[in-house]
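Here are the chains, one letter per residue:
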Amino acid sequence: MMRNGELHSGAPGGPIETKWERHKGSLRLVSPANRRKFDVIVVGTGLAGASAASALGELGYNVLNLCIQDSPRRAHSVAAQGGINAAKNYRNDGDSVFRLFYDTIKGGDFRAREENVYRLAELSLKIIDHCAAQGIPFAREYGGHLANRSFGGVQVSRTFYARGQTGQQLLLGAYGSLMRQVDAGQVRILPRREMLDLVVVDGRARGIVCRNLVTGAIESYAGHAVVLCTGGYSTVYFLSTNAVNSNATAIWRCYKRGAFFANPSFTQIHPTCIPVVGSQQSKLTLMSESLRNDGRVWVPKQPGDRRPPNEIPESERDYFLERMYPAFGNLVPRDVASRAAKAVCDEGRGVGPTGLAVYLDFRDAIERLGVDVVRERYGNLFQMYKEITNEDPYQVPMRIYPAPHYTMGGLWVDYNLMSTIPGLFVLGEANFSDHGANRLGASALMQGLADGYFIIPYTLAHYLAGNTLGNVTTEHPAFREAELQVRQQVERLLSIRGKKTVRELHWQLGRLLWDRVGMTRNAQGLREAIEKVRELRQEFWENVNVPGSGDDLNKCLEMAGRLADYFELGELMCRDALEREESCGCHFREEYRTPEGDPKRDDERYAYVAAWEYTGEGAEPRLHREPLRFEVVQPSARSYR
Ligand SMILES: Cc1cc2nc3c(=O)[nH]c(=O)nc-3n(C[C@H](O)[C@H](O)[C@H](O)COP(=O)(O)OP(=O)(O)OC[C@H]3O[C@@H](n4cnc5c(N)ncnc54)[C@H](O)[C@@H]3O)c2cc1C
């Protein structure tokens, strides 16, 4: 909501520990008998979407749940490996709700809202109970308690896991709940649909327009509210750890309908991915952060040392994270670890054929724990690494390098998770999230499930009960207008028949963004990037070749539509990064650093969420600021040394 020209979250005042409880108490309810009168459209079936759709179905709303994949279980959340955080303190190692809150605020470099993060930490306790009750096969200790491990940026063990398949197991749990609601007739699932526009009637979100990806039909769906759970946009960089179907189309089209886009340049580059090997790859593989619990990261001390790793003696190895950050060692947060890896590679000490890799070595862990324990903890990740690289990490260190992984940016939402378009709620990675300028490992699953299972059931009811929402059907002219636009875009893409493939152009955009708005940024590079993105975008619209037709399954057409949005989003990312003249978290502006090389924040000028408003084709977007107030944790220099 806007107040005196500033954006505000609408969170209540008072002590942070009781804000959510008091807020919940003040929200309106929809009585059980009235819930069936409301149609709710949930877009996405990842952890955010499946948890929201099942929770809303269980409450008695009529839910329509759509996804791109052929099964809800294939949403990108299935790929999450390492775990999910919760402040249970099972290890008695000093953890608490407050500490999880504090770690997350600090990890995000003081660019997240205190009240949202506190709520997230509080809800983490409920999530684990809920998921354990669903039967998620979390790892357990000998005595039966759920086991924990550590992730980056923290000094406690609070990450719950199911080997290296935590996302898959959590998604199966949510899917089970979803199917229960499908059986009960509360949720209807429409797979193989891509949302291509939002329909706004009288200023409120009242429906969506989709393309049926199998038949090509343009379909409209009306409802009383729309809940977007469409994931992140790391594939803007072309190569990333995300599934190739991940995209920004749904949130971007909502942006163009009036939803503000927050912190678009806050993108996370994950330090432990299998390095790029050539130009024919379409994605990169993550090696879970959990590996940094026991793996040690190093490079040779001497630049250009090409000896095989096992021939490099201990005295000639530089365990650079342990050296630079003794307090956290290999478990520094992702942004810190990624920049350190880039720095040693830039010094010529990178390893492997390209020199763009560092070692992640389990030799000492195997000696200390034995191979069986290491296999028990990480076996499936080791197996995956071996299948991809043909090297055995039990024998030789893994080679890893940073890669685009997660987007903290997304649609701006208030404390109720509602965007600036009334009736449009945004959950999970698709919103600008609670992670500030850098997400801590194992916190995305926590956030998606908090949003879906525990927040939206309250806040959506409040919206539905508090507004008179007339009957709107797909016959409304706003649907006709949106359908026409979607059809015209499809026809335009198919009519160009140029010489360049979608993949080639996406590769070019991705490389440009990786270089200029990736791990490090500077003003000149960003200004040039804005020009280059525009040139590439023009080339796309004049010279792309989208073969086939719009009347059936056409993967090129799907990808072209997503790339068209990525050109526009890429430009906004550069603009956002240029506007923020400070370094914070993953946003590392080369001009703003401490003498030690750490990011230098400017709290006086930039302690705000940057929320961008679309103002029309070719016009400059308008920047709105949501000031961030720190009443509980005073912003300090974020040090892990
Ligand atoms: C390899 C990898 C490992 C990870 N490991 C962890 C981990 O261990 N712990 C952790 O906390 N986080 C992890 N993350 C991050 C985490 O997995 C994601 O942030 C989270 O799963 C996102 O969930 P989501 O529900 O918001 O979106 P997603 O799971 O991405 O789901 C998006 C859904 O939206 C649908 N969709 C998208 N666009 C459209 C459209 N236009 N129309 C219709 N449907 C659409 C998709 O079909 C899909 O169903 C990992 C990420 C990666 C890439």
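Engineer: So what exactly am I meant to see when it comes to the site of the ligand here?
Structural biologist: As a matter of local geometry, the ligand sits amid 37 residues, with Gln69, Ser77, Gly82, Met195 and Glu429 nearest to it. One of the side-chain N or O atoms of serine 77 is found 2.5 Å from an oxygen atom in the ligand. In this structure, an oxygen atom belonging to the ligand sits 3.3 Å away from a main-chain N or O atom of cysteine 229. For the ligand, whose accessible area on its own is 1000 Å², the fraction buried by protein is 97%. Every element with two or more residues in the shell around the ligand is listed here: helix H3 (47-59), strand S8 (193-201), strand S17 (398-407) and helix H12 (444-466). When residues of the shell around the ligand are assigned to their parent elements, the largest contribution, three residues, is made by S8. Taken together, the residues that form the shell around the ligand break down as 16 nonpolar, 17 polar and four charged.

Engineer: Mind showing me how you'd approach the environment of cysteine 584 here?
Structural biologist: For cysteine 584, the location among the structural elements is in the loop between helix H16 (555-579) and helix H17 (603-606). Sequence-wise, cysteine 584 and aspartate 603 are 19 residues apart; in three dimensions their C-alpha atoms are separated by 9.7 Å. Ignoring sequence-local partners within four residues, the contact set of cysteine 584 consists of Asp109, Arg111, Phe266, Ala437, Pro599 and Arg601.

Engineer: Is there a simple way to explain the side chain of serine 51 in this structure?
Structural biologist: Its place among the elements puts serine 51 in helix H3. When its relative accessible area of 0% is taken as the criterion, serine 51 is described as buried. Reaching out from serine 51, the side chain makes a polar contact with the backbone oxygen of alanine 48 at a distance of 3.0 Å. Those residues within four positions of serine 51 in sequence are excluded, and the remaining contacts are Gly46, Ala174, Gly448, Leu449, Gly452 and Tyr453.

Engineer: Got a minute to help me understand helix H15 (residues 523-543) in this structure?
Structural biologist: Residue pairs three or four apart in sequence face the same way in an α-helix, which turns once every 3.6 residues. With 21 residues, H15 should cover 30 Å at 1.5 Å per step; its first-to-last C-alpha distance of 30 Å lies within 8% of that length. Within H15 the residues assigned to the buried category are Ala523, Gly525, Leu526, Ala529, Ile530, Val533, Leu536, Arg537, Phe540 and Trp541. The arc that holds every buried residue of H15, seen down its axis, measures 140°, which confines them to one face. Of the exposed residues in H15, those oriented more than 90 degrees away from the buried face are Gln524, Arg527, Glu535 and Glu542. Those residues of H15 hidden inside the fold are in contact with helix H13 (477-496), helix H14 (502-516) and H16.

Engineer: How should I be thinking about the packing of aromatic side chains in this particular structure?
Structural biologist: Aromatic ring pairs are described here by two measures, namely the spacing of the ring centres and the angle between the planes. Using the criterion set out here, one finds 26 aromatic pairs in the structure. Consider the rings of phenylalanine 362 and tyrosine 378, whose centres lie 5.9 Å apart with planes at 55°: the pair is tilted. Note that phenylalanine 362 is positioned in the loop between strand S16 (358-361) and helix H10 (363-369) and tyrosine 378 in helix H11 (residues 371-389), a separation of 16 residues in sequence. Judged by its relative accessible area of 1%, tyrosine 378 falls in the buried class. With centroids separated by 5.8 Å and ring planes inclined at 45°, the aromatic side chains of tyrosine 606 and tyrosine 608 adopt a geometry described as tilted. What makes tyrosine 608 buried here is its relative accessible area of 7%. Put simply, the rings of Tyr233, Trp252, Tyr255, Phe261 and Tyr614 touch in pairs and so form one group of aromatic residues. Over the ring of tryptophan 20 we find arginine 119; its NZ or CZ atom is 4.7 Å from the centre of that ring.

Thresholds, definitions, all that
Residues numbered from 1 in each chain as written. Predicted model: local features only at pLDDT ≥ 70, side-chain atom pairs only at ≥ 80, totals over all residues. Heavy atoms only, no water. Near = heavy atom within 4 Å. Polar contact = N/O pair within 3.5 Å; in protein donor to acceptor, adjacent residues only side chain to side chain. Areas by Shrake-Rupley, 256 points an atom, 1.4 Å probe, with all protein chains shown as cover. Helix = DSSP H or I, 4+ residues; strand = E, 2+ residues; numbered from the N terminus. Nonpolar A, V, L, I, M, F, W, Y, C, P; charged D, E, K, R; others polar. Contact = heavy atoms within 4.5 Å. Buried < 20%, exposed > 50% of the residue type's maximum accessible area, 1.4 Å probe, protein only. Expected span 1.5 Å × (residues − 1). Arc of directions from axis to C-beta. Phe/Tyr/Trp six-rings, centres within 6.5 Å; stacked < 30°, edge-to-face > 60°. Lys NZ or Arg CZ within 6 Å of the ring centre and 35° of its normal.

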